[in-house]
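# Architecture at a glance
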Amino acid sequence: MDDELLKQGPREAPEPETAEERSRRTGLKTAGGGVAAGGIGLAKAGILGKFFLWWFAWNGAIDAWRLGGWIGAALVAAAIAAYVVYRRKQVA
């Protein structure tokens, strides 16, 4: 393997990265680390957990209200259908 590299001869080294290129490349990683650190700090303080608890409770209450509305509508429709069937059997 080393003989093959020697046969290829000298090669040019790539240009070194400038500080701007390096910071641009690692900028997203740095921003992600800052967001993660902020989230960890909020979680440690308990604020993040309280926010998510409130969020899930609120959405659960809204979903239960919607589901309850549909169940109520279905019960009313079933009661009307039962009444109509009962009256038809009584008349006939």
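## Quick word on the overall build of the protein chain
Helix and strand counts for the protein chain stand at 3 helices and 0 strands. When the helices and strands of the protein chain are listed from N to C terminus, the series reads α-α-α. Expressed as a percentage of the 92 residues in the protein chain, the buried residues total 0%. Per element, the accessible surface of the protein chain, about 8,700 Å² overall, is 68% carbon and sulfur.

## So, a nonpolar patch on the surface
Together, Phe51, Phe52, Trp54, Trp55, Phe56 and Trp58 give the surface a local cluster of nonpolar side chains, amounting to about 720 Å² of exposed area. Inspection of the secondary structure assignment puts Phe51 in helix α3 (residues 47–91). Using a relative accessible area of 42% as the deciding quantity, one classes Phe51 as partly exposed.

## Section: the confidence of the model for the protein chain
For the protein chain, mean pLDDT is 77; residues scoring 70 or higher make up 86% of the total. Here helix α2 (residues 19–45) is the element of the protein chain with the lowest mean pLDDT, 70, and helix α1 (residues 2–8) is the one with the highest, 81.

Reading the values: the criteria
- Residues numbered from 1 in each chain as written.
- Predicted model: local features only at pLDDT ≥ 70, side-chain atom pairs only at ≥ 80, totals over all residues.
- Heavy atoms only, no water.
- Helix = DSSP H or I, 4+ residues; strand = E, 2+ residues; numbered from the N terminus.
- Buried < 20%, exposed > 50% of the residue type's maximum accessible area, 1.4 Å probe, protein only.
- Areas by Shrake-Rupley, 256 points an atom, 1.4 Å probe, with all protein chains shown as cover.
- Patch = residues over 30% accessible without salt bridge, like charges linked within 9 Å, V, L, I, M, F, W, Y side chains within 5 Å.
- Salt bridge = Lys/Arg side-chain N within 4 Å of Asp/Glu carboxyl O.
- pLDDT = per-residue confidence, 0-100.

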